[in-house]
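# Tertiary structure, described
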Amino acid sequence: MERKLNLGVIGLGGRAASLLGVFRRVHSGLRVAAVADPDRDGARHRLRSAEVPDRDTAFFPDADQMLRHAGDLDALMIGTRCNIHTPIAVNAAPTGLPLYLEKPVAISHEQIVALRDAYRGREKSVVVSFPLRVTPLFRKVMELVESGRLGVVNQVQAVNYVPYGGVYYARETYRDFDVTGGMWLQKATHDFDYLNALLGTPTAVSAVMNRVAYGGDMPHDLRCSACDLADTCLESPQGVARRGDDGGVGTSDHLCVFGDGIKLQDAGAALLAYEDGSHASYTQNFLSRRSAASRGATVTGYEATLSFDWYKGTVTVIDHHRDRVDSFNVRATSGHLGGDEALARNFVDVCLGRDESRTDLASGLLSAAMCLAARESAHTQRWTPVGDVYLETFPNRVAPIQPTPLHVEPA
Ligand SMILES: NC(=O)c1ccc[n+]([C@@H]2O[C@H](COP(=O)([O-])OP(=O)(O)OC[C@H]3O[C@@H](n4cnc5c(N)ncnc54)[C@H](O)[C@@H]3O)[C@@H](O)[C@H]2O)c1
């Protein structure tokens, strides 16, 4: 019999429910002992849909009421929407319980500081929901890079061509900038995190973003069912049915993706400078569809070039100085290409004291700081320092950021 683990879940929506199904599969001793969610019936329904037993689950309308019973719990999970991850995590910190925390961990500099201070010294008891970094495919990438096969790495080119981007403009909560903090925090936070695993400490970001397709002048609360243009619109249920691919908007009635309140980018790109002088570029695009989907990177070293793509499940290494190309197929069928299962195993191990977090709070805070720097840079059109989130003065710099010394091409 596996050791019992009583989990308290705060915010049991779609994402939390799907993860809880995975948690139960990797550790049958895990029990959802308590749930705090204002939508009690919905939360119960989602638990059942994920085949997670709820017979002995206590339901609370909010986190504070649940946390009064924290003594009955072994661990916590926060799966609310983005803007309240930090305040709830800060309130939960005095319990000292291991925490599974959805991304982005924070959506403002103030939240980063509050979260940092609340968990200082026990960052490794927090598992941040960054599935990419722990996928079997990315572990293969890291194994090859760390083996020295690529030699010294000087550059990474990362792409994220999202084939389901419609969800961010059509779904009520995802389209609200004030809830998510925008598409750097919503999406790039994952990619920046794996880039840090490859290249180390980022120093500064220069970014651009725009919105050319989504948003517009349609009423923000218009639904396809009330729209005169639904028969011809590519994004309506009728358009989706004709095409056979929903691009993320779903197959049923939904909010207009051309609504006039939409503030989110539909494309962005960032240049990231790293402490060791290497750099990365990252492109995200939410218009891509079907087989235009791609997420991964090309990593260039002196000895070889490595390319990987999560959609294809492939890693390829092309040697530069000999006639050799190696290809690896690293396919994983479960959620987020095996990343969710790896996160679940790691979280259970953290709860049982068998391991520390592989996606700890420090990585979540750093990635959030990079997203905020990218957002700011796109507005100011200047290189923006990421800042050291562990400096008391963060996000303000005590001294001007030192540019990475360039030993090449005098200005
Ligand atoms: N890591 C990943 O790969 C990944 C994937 C998808 C979503 N997410 C993140 O997961 C989070 C949740 O997304 P979702 O799609 O499940 O959203 P959702 O709206 O389905 O779920 C949010 C839940 O929180 C509940 N809630 C709202 N206010 C609350 C409060 N004050 N206290 C407790 N519960 C409250 C809601 O009733 C709902 O059940 C988002 O931050 C999103 O960015 C992460």
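Before any of the text, the structure's been laid out above.
Summary of the structure given here. Since we're looking at a predicted model, the values are computed, not measured.

### A few points about the state of the cysteines
Across all of its chains, the model carries zero disulfides by this definition. Cys371 provides the cysteine sulfur closest to Cys82, a residue in no disulfide bond, and the two sulfurs are 11 Å apart. Left without a disulfide partner, Cys233 is nearest to the cysteine sulfur of Cys224, which lies 6.4 Å away. For Cys233, a relative accessible area of 22% puts it in the partly exposed group.

### Quick word on the packing of helix 4 (residues 85-92) against helix 5 (residues 109-119)
Between two packed helices, both the angle of their axes relative to each other and the distance between the axes serve to describe the pair. The N-to-C vectors of helix 4 and helix 5 enclose an angle of 20 degrees; their axes lie 9 Å apart at closest approach. The angle between the axes of helix 4 and helix 5 places the two elements in the roughly parallel class. Pair helix 4 / helix 5 crosses with left-handed handedness. Between helix 4, through Thr86, Pro87, Ala89, Val90 and Ala92, and helix 5, the contact on the second element is made entirely by Gln111, Ala114, Leu115, Ala118 and Tyr119.

### Looking at the pattern of salt bridges
Counting across every chain of the model gives 21 salt bridges. Across the pair Arg44 and Asp54 runs a salt bridge, and its minimum N-O distance is 2.9 Å. Highlighted residues: Arg44 in helix 2 (residues 40-49) and Asp54 in the loop between helix 2 and strand 3 (58-60), separated in sequence by 10 residues. For Asp54, a relative accessible area of 9% puts it in the buried group. For Arg324, the salt bridge goes to Asp326, with nearest N and O atoms at 2.9 Å. Judged by relative accessible area, which is 17%, Asp326 ranks as buried.

### Points about helix 12 (residues 339-351)
With 13 residues, helix 12 should reach 18 Å at 1.5 Å per residue; the first-to-last C-alpha distance of 18 Å fits that figure. For helix 12, a buried count of 10 out of 13 residues is recorded, marking the element as mostly surrounded by other parts of the structure. For helix 12, every residue scored as buried is listed here: Gly339, Asp340, Ala342, Leu343, Ala344, Asn346, Phe347, Val348, Val350 and Cys351. Residue Gly353 follows helix 12 closely and has a positive phi angle near 75 degrees.

### Details of the site of the ligand
The immediate surroundings of the ligand are formed by 25 residues, with Arg15, Asp37, Arg81, Glu102 and Tyr174 found nearest. Within the backbone of Leu12, a nitrogen or oxygen atom sits 3.4 Å from an oxygen atom of the ligand. Between Gln186 and the ligand, the recorded distance is 3.2 Å, taken from a side-chain N or O atom to an oxygen atom. In the complex, the protein chains occlude 81% of the 860 Å² of accessible area that the ligand would expose alone. Elements with a minimum of two residues in the shell around the ligand: helix 1 (14-26) and helix 10 (183-199).

### Description of the sheet that holds strand 10 (residues 279-285)
Backbone-to-backbone hydrogen bonds join strands into a sheet, with any given pair of strands oriented parallel or antiparallel. Spatial strand order, 14-13-12-11-7-10-9-8-15: nine strands in an open sheet with mixed pairing. Sheet topology places strand 14 (325-329) and strand 15 (384-385) at the edges, where each strand pairs with a single neighbour. With six bridges connecting them, strand 12 (residues 304-309) and strand 13 (residues 314-319) associate as antiparallel partners. In the sheet register, Ser307 faces strand 13, and the bridge partner there is Thr316. Against the sheet, helix 7 (residues 136-146) touches strand 12, strand 13 and strand 14, its axis set at about 170 degrees to strand 12. Of the strands in this sheet, strand 7 (153-161), strand 8 (202-210), strand 9 (267-274), strand 10, strand 11 (294-301) and strand 12 touch helix 10, which is tilted by about 150 degrees from strand 10.

### Considering unusual backbone geometry
The linkage connecting Lys103 with the following residue, Pro104, adopts the cis geometry, with an omega of -15 degrees. One can find Pro104 in the loop between strand 5 (99-101) and helix 5. With a phi close to 60 degrees, Glu51 is a non-glycine residue in the positive phi region. Along the polypeptide, Glu51 turns up in the loop between helix 2 and strand 3. The phi torsion at Gln381 lies on the positive side, around 55 degrees, for a residue other than glycine. Looking at the secondary structure, you find Gln381 in the loop between helix 13 (361-380) and strand 15.

### Side note on the packing of aromatic side chains
Considering all chains together, one arrives at 16 aromatic pairs under this definition. Measuring from centroid to centroid gives 6.3 Å for Tyr164 and Tyr168, while their planes differ by 50 degrees, and the two rings are tilted. When the ring of Tyr194 is compared with that of Phe308, the centres are 5.8 Å apart and the planes differ by 70 degrees; the resulting orientation is edge-to-face. Placement of the pair is Tyr194 in helix 10 and Phe308 in strand 12, with a sequence separation of 114 residues.

Rules of the game
- Per-chain numbering applies: the sequence of each chain, read as written, is numbered from 1 onward.
- Per-residue local features are limited, in this predicted model, to residues with pLDDT of at least 70; the limit for side-chain atom pairs, both in listing and counting, is 80 or more; totals at the level of whole chains, interfaces and linings are taken over all residues.
- Only hydrogens and water are removed before side-chain values are computed, so all heavy atoms of the structure are retained for them.
- Here, two cysteine sulfur atoms that lie within 2.5 Å of each other are counted as a disulfide.
- Type-normalised accessible area, obtained with a 1.4 Å probe on protein chains alone, sets the label of each residue: buried when under 20%, exposed when over 50%, and partly exposed for intermediate values.
- Orientation is described by axes fitted as lines to C-alpha atoms, over the contacting stretch for helices, and by angles from 0 to 180 degrees between their N-to-C directions.
- Numbering of helices and strands runs from the N terminus, with a helix taken as a DSSP run of H or I at least four residues long and a strand as a DSSP run of E at least two residues long.
- Any angle that falls under 35 degrees is termed roughly parallel, while one over 145 is termed roughly antiparallel, one within 65 to 115 roughly perpendicular, and all others oblique.
- In this scheme the crossing of two helices becomes right-handed for a clockwise turn of the near helix relative to the far one and left-handed for an anticlockwise turn of less than a right angle.
- By definition, residues are in contact when any of their heavy atoms lie within 4.5 Å.
- Salt-bridge detection follows one rule: a side-chain nitrogen of Lys or Arg within 4 Å of a carboxyl oxygen of Asp or Glu.
- Residue count minus one, scaled by 1.5 Å, sets the expected span of a helix.
- Note on terminology: near, applied to a residue and a molecule or strand, indicates that one of the residue's heavy atoms is within 4 Å of it.
- Here a polar contact is recorded for every N or O atom pair within 3.5 Å, except that within protein the pair must consist of a potential hydrogen donor and a potential acceptor, and residues adjacent in sequence are included only if both atoms are side-chain atoms.
- Shrake-Rupley sampling with a 1.4 Å probe provides the accessible areas, and residues are treated as covered by the protein chains on show and by no other component.
- The pairing criterion for strands is at least two bridges between them, as found by DSSP.
- Stacked, edge-to-face and tilted labels apply to pairs of Phe, Tyr and Trp rings (six-membered ring for Trp) whose centres lie within 6.5 Å, assigned for plane angles under 30 degrees, over 60, and everything in between, in that order.

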